[in-house]
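Residue-level structure breakdown
Read off the chains here:
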Amino acid sequence: MIALPNLLLVGGGRMGSALLAGWREQGLSQAVVVDPSEAARALAGEGVTVVAGAEDIPPGFVPEAVVLAVKPQSAASALPAYGRFAGTALFISIMAGKTLAGIGALLGGGAIVRAMPNTPAAVRQGVTVACAGQGVSAAQRGLAGALLGATGAVAWVDEEALLDPVTAISGGGPAYVFLLTELMEQAATALGLPADLARLMARQTVIGSAALMAASAETPEALRVAVTSPGGTTAEALKVLRADDAWPKNFLEAMKAATERSRALSG
Ligand SMILES: NC(=O)c1ccc[n+]([C@@H]2O[C@H](COP(=O)([O-])OP(=O)(O)OC[C@H]3O[C@@H](n4cnc5c(N)ncnc54)[C@H](OP(=O)(O)O)[C@@H]3O)[C@@H](O)[C@H]2O)c1
């Protein structure tokens, strides 16, 4: 259990509210959430005040950390209002593609950590990769790790450019797993299984495999080999998926495309 400082959360949408739920579990003392949406009112509760705009933050509230969880396209209009905390608070941004330099320019400076979480944060099973900007102290890095760690695993990279492949792999990763689930379901119905059984099989196979991986000390490769008897049915399927290295090559190409897109959208 960590002692959480006074927090200011800017944007209480999907990601912001997942973080807030994690902090609540960690024993949050006081937080102010800024979010104009009607839905965000529901986030108010013990120690948590929700306001519609930066101008409504209670005057005596001094945040030690400001978490920026608005959409990247809202950054230019939303961020300058928080520049007044730049001298005292640590800023943690989870906005995709918003660089340390870009955020610093909008805030007029400050200690900034840029992080890329993913949606399993909503069930405390996320992975967040973070990069600290200049002027972030060891204590602030520890604070960022604790705050981001409330929704799952946290890792750090020293080079900000690595957040582009991180965005491709773990940021978008849940989508690839969901696509695999969809494809399994579609294949099952195409092979004659009833729709509800196809859905159950696809979902539970992905959920069960993830749980098995979480519970096992084995590598994913060893777990795969354990399901694959030589000359058996799974081996036959894997032979098709890996023919001419098709699946591995395609996947790498997809990750390169996402990395490139992340670079192009950065600013
Ligand atoms: N979802 C992901 O997989 C994922 C992964 C990694 C990083 N991220 C990043 O996380 C951030 C939030 O994403 P999300 O999916 O949580 O988006 P979201 O659900 O749309 O949440 C953003 C929230 O901010 C509110 N908002 C809009 N303008 C604001 C302002 N000026 N001040 C304060 N709040 C404002 C929005 O209200 P309205 O709805 O009324 O506009 C909404 O409630 C994004 O920057 C995204 O790049 C998301």
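Quick notes on the rules
Residues numbered from 1 in each chain as written. Predicted model: local features only at pLDDT ≥ 70, side-chain atom pairs only at ≥ 80, totals over all residues. Heavy atoms only, no water. 1 Å grid on protein atoms, 1.4 Å probe; cavity = no way out; pocket = protein on both sides within 12 Å on 5 of 7 lines; lining within 4 Å. Points joined across faces, edges and corners; volume = space filled by probe spheres on them. Nonpolar A, V, L, I, M, F, W, Y, C, P; charged D, E, K, R; others polar. Phe/Tyr/Trp six-rings, centres within 6.5 Å; stacked < 30°, edge-to-face > 60°. Helix = DSSP H or I, 4+ residues; strand = E, 2+ residues; numbered from the N terminus. Buried < 20%, exposed > 50% of the residue type's maximum accessible area, 1.4 Å probe, protein only. Lys NZ or Arg CZ within 6 Å of the ring centre and 35° of its normal. Domains from an automatic or database assignment. Polar contact = N/O pair within 3.5 Å; in protein donor to acceptor, adjacent residues only side chain to side chain. Axes fitted to C-alpha atoms, helices over the stretch in contact; angles between N-to-C directions. Left-handed = near helix turned anticlockwise from the far one by under 90°. Contact = heavy atoms within 4.5 Å.

The next point concerns empty space enclosed by the protein. Rolling a probe over the atoms, with the probe sized like a water molecule, indicates the empty space that remains. Following the criterion strictly, the structure yields one cavity of 30 Å³ or more and no others. Space inside the largest cavity adds up to approximately 40 Å³. Contributing to the lining of the largest cavity are Met15, Leu19, Ile94, Pro117, Ala121, Thr128, Leu148 and Thr151. Partitioning the lining of the largest cavity into residue classes produces six nonpolar, two polar and no charged.

Right, let's talk about the packing of aromatic side chains for a bit. Overall, the coordinates contain one aromatic pair when judged by the stated rule. Taken together, a centroid distance of 5.8 Å and an interplanar angle of 85° make the contact between Tyr176 and Phe251 edge-to-face. With Tyr176 in helix H6 (residues 173–190) and Phe251 in helix H10 (residues 246–265), this pair connects stretches of sequence that are 75 residues apart. For Phe251, a relative accessible area of 42% puts it in the partly exposed group. The side chain of Arg141 reaches across the aromatic face of Trp156, ending 4.4 Å from its centre.

The domain architecture assigned to the protein consists of domain 1 (7–160) and domain 2 (173–265). Computed over C-alpha atoms, the centres of domain 1 and domain 2 are 33 Å apart.

Here we take up the environment of Arg84. Relative to the assigned elements, Arg84 resides in the loop between helix H2 (75–78) and strand S5 (90–93). Spatially, the C-alpha atom of Arg84 lies 47 Å from that of Asn250, the residues being 166 residues apart in sequence. Side-chain polar atoms of Arg84 contact the backbone oxygen of Ala81, separated by 3.3 Å.

Here the focus is the packing of H6 against helix H7 (residues 195–215). Packing of H6 against H7 leaves a shortest axis separation of 8 Å and a crossing angle of 145°. Judged by the twist between their axes, the crossing of H6 over H7 is right-handed. Here Val177, Thr181, Met184, Glu185, Ala188 and Thr189 of H6 lie close against H7, whose contacting residues are Ala195, Ala198, Arg199, Ala202, Arg203, Thr205 and Val206. The residue makeup of the contact of H6 with H7, split by class, is seven nonpolar, three polar and three charged.

Take unusual backbone geometry next. Its identity as a non-glycine residue notwithstanding, Arg124 has a phi of 60°, on the positive side. Assignment of secondary structure puts Arg124 in the loop between strand S6 (111–116) and strand S7 (126–132). Look at Asp244: it is not a glycine, yet its phi comes out positive at around 55°.

We now examine the environment of Ala144. Here Ala144 is to be found in helix H4 (residues 138–148). Among the residues examined, Ala144 registers a relative accessible area of 0% and is labelled buried. For the pair formed by Ala144 and Ile92, sequence separation is 52 residues and the distance between their alpha carbons is 7.0 Å. Setting aside residues no more than four positions away along its own chain, Ala144 makes contact with Leu90, Ile92, Val113 and Trp156.

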